[in-house]
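Chain residues, written in single-letter form:
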Amino acid sequence: MNLKSVITLHTGREMPILGLGTWQLNNDTASTIQRALKLGYAMIDTSGDYGTQPGIGEGVRKSGLDRSDFYLVTKVEEDDIAYEATKDNLTELHLKYADLMLLHRPPRYGVGDGLWRSLIKAREDGLAKDIGVSNYSIEQIQTLIDKTGEIPVVNQIEWSPFGHSKEMLGYCQENGIIIQAYSPLTRGERLEDPTLQSIAQVHGKTAGQVLIRWNLQQDIVPIVKANQTEHLKENIDVFNFELDDNEMRKLDHLNEEYSSLGSHQLSYMR
Ligand SMILES: NC(=O)c1ccc[n+]([C@@H]2O[C@H](COP(=O)([O-])OP(=O)(O)OC[C@H]3O[C@@H](n4cnc5c(N)ncnc54)[C@H](OP(=O)(O)O)[C@@H]3O)[C@@H](O)[C@H]2O)c1
């Protein structure tokens, strides 16, 4: 396993095993993207509502990479006219297609099957290679599948040892849906946890690196946001150690369905 490793989606296409988040990366997005790509990051996560798409477009252009050398994930909002929003995203990014286009969250009413059909059409028209969802519960995903026959390739959800769900993991594994873990570092809020710290110490690693590793070892794809170069470097220096079963179990047991996003409830558990 290394930064260029990939995971195979149920469509047969491949996705990098670790991504760079860009929410609140507002100051110098283009330069952060350039630095990250130079360090070897291969996947970038954004959304129509992050305000980072123009900077990402600029960063990838300036990096001089071929389009096939990086994987781009973006999202449409629940109140968007989804097909148009996919095009608007690509215009902001100056890209012809997204590798993965997600429904950012379920709408207030229903499960968004109309939005989902728009994403299916966007994929058929070549605007996205694959499509998925974010912040969906098991019931919402299943209803979406029952109504449309189309299984999302990923569910992007908040996921850390402090907030995760065995049921969600089992459901996704059974259906070939990859979990993308957002806020995998708990936005910095739980890095001082004593259990986490003691495991990090054993390996001579940081708490953040242990959190990333905990995801990777379960085939969960962490999307980690970092602006500072030291953080960017640290978060990919995770391929030279392994958590043993006992350490994985200890981390699993930290679960308290914790969310670092203000609502203090995991979106997919509501
Ligand atoms: N689908 C959704 O609804 C949704 C919701 C939330 C997030 N996301 C996506 O997931 C990404 C990641 O989640 P997030 O931004 O909420 O939180 P996160 O990745 O858990 O944490 C980011 C914070 O941790 C800091 N950090 C990064 N590396 C660190 C390290 N090695 N040691 C200590 N601190 C470190 C960053 O600082 P610096 O920036 O200063 O380096 C930043 O303040 C987002 O950027 C976004 O792309 C999606």
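Position labels on residues start from 1 in each chain and follow its written sequence. Totals for whole chains, interfaces and linings use all residues, but because this is a predicted model, local features are given only for residues with pLDDT of at least 70 and pairs of side-chain atoms are given and counted only at 80 or more. Excluded from the side-chain calculation are hydrogens and water; included are all heavy atoms of the structure.

1. What to know about the sheet that holds strand 10 (residues 221-225)
Now for step 1: When DSSP finds at least two bridges between two strands, those strands are taken to pair. In this text, helices come from DSSP runs of H or I with a minimum length of four residues, and strands from runs of E with a minimum of two, each type numbered from the N-terminal end. Spatially, eight strands are ordered 3-4-5-6-7-8-9-10 in a closed barrel, and the strand pairing comes out parallel. Averaged over all pairs of adjacent strands, the angle between strand axes in this sheet comes to 30°, irrespective of strand direction.
Now for step 2: One ladder, built from two bridges, connects strand 9 (residues 178-182) with strand 10; its direction is parallel. For Gln180, the partnering residue across the bridge sits in strand 10 and is Val221.
Now for step 3: Contact criterion: two residues are considered in contact whenever any of their non-hydrogen atoms come within 4.5 Å of each other. Note on geometry: axes are C-alpha line fits, over the in-contact stretch for helices, and angles between N-to-C directions span 0 to 180 degrees. Strand contacts of helix 3 (residues 82-93): strand 5 (71-76) and strand 6 (98-103), with the helix running at about 135° to strand 5, the strand carrying the most contacts.

2. Notes on the site of the ligand
Now for step 1: Whether a residue is near a molecule or strand depends on its heavy atoms: it is near if one of them lies within 4 Å of it. In the vicinity of the ligand lie 26 residues, with Asp45, Ser183, Arg187, Lys225 and His231 positioned nearest.
Now for step 2: Throughout this description, a polar contact denotes any pair of N or O atoms lying within 3.5 Å of each other; where both atoms belong to protein, one of them has to be capable of donating a hydrogen while the other can accept it, and for residues adjacent in sequence the pair is counted only when both atoms sit in side chains. Interatomic distance of 2.9 Å between a backbone N/O atom of Asn227 and an oxygen atom of the ligand.
Now for step 3: Taking Glu234, its side chain carries an N or O atom lying 3.0 Å from a nitrogen atom of the ligand.
Now for step 4: Residue burial considers only the protein chains on display, and all accessible areas are found by Shrake-Rupley using a 1.4 Å probe. For the ligand, the accessible surface in isolation is 910 Å², of which the surrounding protein chains cover 88%.
Now for step 5: Points on a 1 Å grid, built from protein atoms alone, make a cavity when a 1.4 Å probe fits but cannot get out and make a pocket when they are open with protein on both sides within 12 Å along at least 5 of 7 lines; residues with an atom within 4 Å of a point are the lining residues. A pocket or cavity is taken to hold a molecule when more than half of that molecule's atoms are within 2 Å of the pocket's grid points. Taking a 2 Å distance to the grid points as the criterion, the majority of the atoms of the ligand fall inside the largest pocket.
Now for step 6: Per-element accounting of the shell around the ligand gives the leading share, three residues, to strand 10.
Now for step 7: Taken together, the residues of the shell around the ligand break down into nine nonpolar, 12 polar and five charged. Charged means Asp, Glu, Lys or Arg here, nonpolar means Ala, Val, Leu, Ile, Met, Phe, Trp, Tyr, Cys or Pro, and polar covers whatever is left, Gly included.

3. Re the side chain of Asn155
Now for step 1: Tracing the backbone shows Asn155 in strand 8 (residues 154-158).
Now for step 2: With relative accessibility at 0%, the residue Asn155 sits in the buried group.
Now for step 3: Of the polar contacts made by the side chain of Asn155, one reaches the backbone oxygen of Tyr136; its length is 2.9 Å.
Now for step 4: In contact with Asn155, not counting residues within four places along its chain, are Val133, Ser134, Asn135, Tyr136, Ile141, Met168, Ile177, Ile178, Ile179 and Gln180. Relative accessible area decides the class of each residue, using a 1.4 Å probe on protein chains only: under 20% of the type maximum gives buried, over 50% gives exposed, and in between gives partly exposed.

4. A look at the layout of surface pockets
Now for step 1: Grid points are joined across faces, edges and corners, and a volume is the space filled by probe spheres set on the points. Estimates place the volume of the largest pocket at around 930 Å³.
Now for step 2: If you list the elements that add at least two residues to the lining of the largest pocket, you get strand 8, helix 8 (207-216), strand 10 and helix 9 (229-234).
Now for step 3: Counting residues per element, the lining of the largest pocket draws most heavily on strand 10, which supplies three residues.
Now for step 4: Residue composition of the lining of the largest pocket, by class: 13 nonpolar, 19 polar and eight charged.
Now for step 5: If you add up the space inside the second largest pocket, you get close to 220 Å³.
Now for step 6: In terms of lining, the second largest pocket is formed by 17 residues, of which the most central are Glu14, Pro16, Ser68, Phe70 and Tyr71.
Now for step 7: When contributions to the lining of the second largest pocket are tallied by element, the ones reaching two or more residues are strand 2 (14-16) and strand 7 (128-134).

5. Re the packing of helix 1 (residues 29-39) against helix 2 (residues 53-63)
The angle between the axes and the distance between the axes are what describe a pair of packed helices.
Now for step 1: At a minimum axis distance of 7 Å, the contact between helix 1 and helix 2 shows a crossing angle of 45°. Between helix 1 and helix 2, the angle is such that the two are oblique. Crossing geometry of helix 1 relative to helix 2 is assigned as right-handed. Contacts from Thr29, Ala30, Ile33, Gln34 and Leu37 of helix 1 reach helix 2 at Gly55, Ile56, Glu58, Gly59, Val60, Lys62 and Ser63. Any angle that falls under 35 degrees is termed roughly parallel, while one over 145 is termed roughly antiparallel, one within 65 to 115 roughly perpendicular, and all others oblique. Two helices that cross are described as forming a left-handed crossing if the nearer one is turned anticlockwise from the farther one by less than a right angle, and a right-handed crossing if clockwise.

6. Description of unusual backbone geometry
Now for step 1: Although it is not a glycine, Arg187 adopts a positive phi angle of roughly 55°.
Now for step 2: Residue position: Arg187 is located in the loop between strand 9 and helix 7 (194-203).
Now for step 3: A relative accessible area of 38% places Arg187 in the partly exposed class.
Now for step 4: A positive phi is found at Asp219, a non-glycine position, where the angle reads about 60°.
Now for step 5: For Asp219, a relative accessible area of 53% puts it in the exposed group.

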